[in-house]
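One letter stands for each residue in the lines below.
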Amino acid sequence: MSEKSAVVTFDGKSAELPVRSGSIGPAVVDIGSLYKQTKMFTYDPGFTSTASCESKITYIDGDEGVLLHRGYPIEQLAEHGDFLEVCYLLLYGELPTKAQKDDFDYRVTHHTMVHEQMSRFFTGFRRDAHPMAVMCGCVGALSAFYHDSTDITDPHQRMVASLRMIAKMPTIAAMAYKYHVGQPFVYPKNDLDYASNFLRMCFAVPCEEYVVNPVLARAMDRIFILHADHEQNASTSTVRLAGSSGANPFACIAAGIACLWGPAHGGANEAALNMLAEIGTVDRIPEYIAKAKDKNDPFRLMGFGQIESQVMKTGMIAEATCIGKPFTIIPMVVTEVQDVIAAGQYRPTDQLIDVQQLARPGTLTTYLEPLFQGQLFDIPPGSSCIANAYTSNHDALHEPGISTWRWAYLHIIDTVGLVHAAILRLQALLLPVQTLVLTGH
């Protein structure tokens, strides 16, 4: 915290407000006393310039590709740790010792079973019920079973509720999948790790032994790590808002799941599938491409990864990876960039990003073509893709008289590009696994 202050002046009245600085990220103006001093409120309906709380848990910067959990970069945690170690870090603020890790794993593992009456709860749903509807109902129903961990003012009860939620969520998700496909529920096994247990509960059947593929288990575990916490996004904020009333913690998590269901949040994948169903046949693809290019048409292509960049220009070199051509990096070139965006005009369907990212300058439609002919021929239409576009500073770095600071700055930019390229290659490995595992195909 600092002793700096900001002065707001309106209609001859001034209010001096404290400026707070965190360990990372932009400083904030504390407006807590604004109304008392000026009889005025602030107006920021999208929280585009508002910090809703003070947190020491996660820091995320989508523009820079930064995700930190308690100060640890996500790439280090994904490479050297596992999901339960990241959970321990998020809950306790520090990485565990071996003894602490073993104890934490034991406590989570021995909470994976759900009350047997929960299995009968599923029969109240139709077989074709939306999986998020089932998750909302079943997670909310946990509040009717566990009455010894509902006092969120008690640190011990909070931790017990947290452990139960971490442990039972894969079990409930697997049961929802099994109920949908008409197969019997598979109970968890305490001798398996977290990700392997989830895969077994999803895909094992009683009539034969199921051996978990360790490569898929490790990939699944890394997917869990990458989704462990994304700061104050829409679902997290929903849980916090519901919890502020002192409500049952399991009911609050159910509220967060309902928020995650939305097409502007976790439901973006479903929006992409609905778009493909709307298009229907291959011969209608050109019609919908034309609709997507028409600035006056509300239709938007869903399911294509966003390219995040401060500057986007025609001719920039890019790379893409697509689920239709797994484990492959495709060299691309930017051929066209939307030249106009109306300031402040956003629609939830315009972008497949978290609500917290609406503060970014905006989403532009960018068209890319393969750098070498024929590289997209074997990719099915509608395949979900992720793309990066890169800025080249080669010429600028060799300009005569370049200052040391500018030389260092441009090298930093190029280094960030290399990091993003490395992340894209990790995504190329995880994308097909994520799609196949999470969709059950």
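Up top is the structure these notes are about.
Right, let's walk through the structure included here.

Rules of the game
Residues numbered from 1 in each chain as written. Predicted model: local features only at pLDDT ≥ 70, side-chain atom pairs only at ≥ 80, totals over all residues. Heavy atoms only, no water. Helix = DSSP H or I, 4+ residues; strand = E, 2+ residues; numbered from the N terminus. Buried < 20%, exposed > 50% of the residue type's maximum accessible area, 1.4 Å probe, protein only. Contact = heavy atoms within 4.5 Å. Areas by Shrake-Rupley, 256 points an atom, 1.4 Å probe, with all protein chains shown as cover. Phe/Tyr/Trp six-rings, centres within 6.5 Å; stacked < 30°, edge-to-face > 60°. Core = buried A, V, L, I, M, F, W, Y, C linked by side-chain atoms within 4.5 Å. Salt bridge = Lys/Arg side-chain N within 4 Å of Asp/Glu carboxyl O.

Turning to the overall build of the protein, a few remarks are in order. A tally of regular secondary structure across the protein gives 15 helices and 10 strands. Taken over 441 residues, the protein has a buried fraction of 34%. Counted over contacts in the protein with a minimum sequence separation of 6, partners at least 24 positions apart contribute 60%. In the structure as shown, the protein presents an accessible area of about 25,600 Å², 59% of it carried by carbon and sulfur atoms.

A separate point is unusual backbone geometry. If you check the backbone angles, Arg70 has positive phi at about 55° while not being a glycine. Even without glycine at this site, Glu231 takes up a positive phi of about 65°. Within the fold, Glu231 resides in the loop between helix H9 (214-226) and helix H10 (234-243).

Here we take up the packing of aromatic side chains. Inspection of every chain in the model, using the stated rule, returns 13 aromatic pairs. Where Phe83 meets Tyr194, the ring centres are 5.0 Å apart and the plane angle is 35°; that geometry is what we call tilted. On the criterion of sequence distance, the pair formed by Phe83 in helix H3 (residues 83-92) and Tyr194 in helix H8 (residues 194-203) is long-range, its members being 111 residues apart. The same class applies to Phe83 as to Tyr194, namely buried. On the basis of an interplanar angle of 65° and a centroid distance of 5.9 Å, the ring pair of Phe121 and Phe125 is categorised as edge-to-face. What makes Phe121 partly exposed here is its relative accessible area of 35%. In textbook terms, an aromatic cluster arises when at least three aromatic residues are bridged by ring pairs, as seen for Phe83, Tyr194, Phe198 and Phe224.

Now for the nonpolar core. Residues Phe83 and Val108 are the most contacted members of the largest nonpolar core, which totals 31 residues. Looking at this core, the elements that each hand over two or more residues are helix H2 (74-80), H3, helix H4 (98-109), helix H7 (155-181), H8 and H9. The greatest single-element share of this core, amounting to seven residues, is contributed by H3. Here Phe83 is in contact with Ile166, Tyr194, Asp221, Phe224, Ile225 and Ala228, once residues within four sequence places are set aside. Residues Phe125, Ala129, Cys136 and Cys138 belong to the second largest nonpolar core, which totals 23 residues.

Inspection of the entire model under this criterion finds 11 salt bridges. A salt bridge links Asp105 to Lys101, with the nearest nitrogen and oxygen atoms 2.6 Å apart. Here Asp105 and its partner Lys101 are both found in helix H4, four residues apart, which amounts to about one turn of the helix. A salt bridge links Arg126 to Asp128, with the nearest nitrogen and oxygen atoms 2.8 Å apart. In this structure, a network of salt bridges that share partners links the residues Asp82, Lys101 and Asp105.

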